[in-house]
Amino acid sequence: MTRLKTGDIADIKDELAEFDSRLVSKTGCTLRGLARRAAGVEESTARNTSGDVRVGVTPISWGGGIIGGFSQTLKSIAVHMGFDAFVTRASDVAGLAEAFERKADVLLMADDERFVAMGVQSRRVVDNGDATGKGFAEGLDRMAGGLNGRSVFVIGCGPVGLGAVKRLVRLGAMASVYDIDRDRCEDLRREIKRSLDADVRIEKDPEAALLRRRCIIDASPAGDLIHERHISPDVFISAPGMPLALSAAAREKISNRLLHDPLRIGTAVMLVEAAKKR
Ligand code: 2YJ
């Protein structure tokens, strides 16, 4: 998993309204709307439409340490979505206790290994990888005009790729996957069979798959995988992977048919899922 840097997220909190406008033009959904769809929560669910859900964000100093602006950015995403949110004054265990004492309904925190939202009442633990995968699959569905019955190529079989494939199956898409580690492909395939009784195809040749498929999710941390030759006018790419896998020329050519974001979409889906009632 890529560790975010201050520069990756520096502009997010001041540009959420602009991000929403761009997201609406690509997908027809705001961040909140996309997260609700990905999490399967009705627009009319009052608990998620009002500010009666309190989100406590706790900075964590373990490992690589606190990333400047990270917690404030998470708070601003939550506030933008209509939640009542705060960042704890203390970090780590003291901060977690503070969030609880200040009556947070959702606890949000990340170290170098995991980024989670925990629903205090629901006892749900929502992982960023799973939520990000779901959010970007949903975004691709909206951007490409529906994925039901269509083939989608997913690069990367980690938690984000798995979350994406789970959502793709629910959207009626046929998923194929590739990972440099073949065992991870097999693990993903087994898990999808076990949890959803669905089949996933494993691609052996990523270059051939990139040339053949029109709907692509890049859930890998590799970067520099997708080039100009892979971008025909009917290609749509949803790219949660950091760094972005598209070359500058590919990015230019794909124009508005690319969905990429380091933090907002995954966090939004986490918050909606963690705030769900049991
Ligand atoms: O609290 C802090 O400021 C830090 N402990 C945040 C650490 C953030 N964690 C990461 O960057 C993880 N590697 C994963 C983030 C996944 C985003 N898609």
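Residues numbered from 1 in each chain as written. Predicted model: local features only at pLDDT ≥ 70, side-chain atom pairs only at ≥ 80, totals over all residues. Heavy atoms only, no water.

Regarding unusual backbone geometry
Rules: Under the DSSP-based scheme used, a helix requires at least four consecutive residues in state H or I and a strand at least two consecutive residues in state E, with every element numbered from the N terminus. Relative accessible area decides the class of each residue, using a 1.4 Å probe on protein chains only: under 20% of the type maximum gives buried, over 50% gives exposed, and in between gives partly exposed.
Following Met242, the chain continues to Pro243 via a peptide bond in cis, the omega torsion being -5°. Note on placement: Pro243 falls in the loop between strand 10 (236-239) and helix 11 (248-254). One non-glycine residue, Arg123, adopts positive backbone phi at about 60°. Looking at the element boundaries, Arg123 is found in the loop between strand 4 (115-119) and strand 5 (125-127). The exposed category is assigned to Arg123, whose relative accessible area is 73%. Although it is not a glycine, Asp224 sits at a positive phi angle of roughly 50°. Here Asp224 lies in the loop between strand 9 (215-218) and strand 10.

Some remarks on the sheet that holds strand 2 (residues 84-87)
Our working definition: At least two DSSP bridges between two strands are required for those strands to pair. Axes, fitted as lines to C-alpha atoms, cover a helix only where it is in contact. Angles between the N-to-C directions of the axes lie from 0 to 180 degrees. Residue contacts are counted whenever heavy atoms from the two residues lie within 4.5 Å of one another.
Taking strand neighbours across the sheet as the criterion, the five strands line up as 2-1-3-4-5 in an open arrangement whose pairing is mixed. At either end of the open sheet lies a strand with only one pairing partner, and these are strand 2 and strand 5. Neighbouring strand axes in the sheet, compared pairwise and without regard to direction, differ in orientation by 20° on average. In this structure, strand 1 (residues 54-57) lies alongside strand 3 (residues 106-110), joined through three bridges in parallel fashion. Within strand 3, the position partnered with Val55 by the bridge is Val106. Strand contacts of helix 7 (residues 128-143): strand 4 and strand 5, with the helix running at about 65° to strand 5, the strand carrying the most contacts. Lying over the sheet, helix 12 (residues 264-275) contacts strand 1, strand 3, strand 4 and strand 5, oriented at roughly 25° with respect to strand 4.

Quick word on a negative patch on the surface
Rules: Only residues whose relative accessible area exceeds 30% and that form no salt bridge are eligible for patches; like-charged ones are grouped when within 9 Å, while nonpolar side chains (Val, Leu, Ile, Met, Phe, Trp, Tyr) are grouped when within 5 Å. Using the Shrake-Rupley algorithm and a 1.4 Å probe, accessible areas are obtained, with residue cover drawn only from the displayed protein chains. Between Lys or Arg on one side and Asp or Glu on the other, a salt bridge is scored when a side-chain nitrogen of the former is within 4 Å of a carboxyl oxygen of the latter. Residues counted as positive are Lys and Arg, residues counted as negative are Asp and Glu, and His and the chain ends are not counted. For this purpose, a charge sits on NZ of Lys, CZ of Arg, CG of Asp or CD of Glu.
On the surface, a cluster of negative charge is made up of Asp11, Asp14, Glu15 and Glu18. Note on placement: Asp14 falls in the loop between helix 1 (6-9) and helix 2 (16-27). The class of Asp14 is exposed, set by a relative accessible area of 60%.

Topic: the environment of Phe136
Within the secondary structure, Phe136 is located in helix 7. For Phe136, a relative accessible area of 1% corresponds to the buried category.

Quick look at the pattern of salt bridges
Under the criterion given, the structure shown has 20 salt bridges. Close ionic contact of Asp84 with Arg54 constitutes a salt bridge, the shortest N to O distance being 3.0 Å. Taken together, the residues span a long stretch of sequence, with Asp84 in strand 2 and Arg54 in strand 1 at a distance of 30 residues. You can call Arg54 partly exposed: its relative accessible area is 25%.

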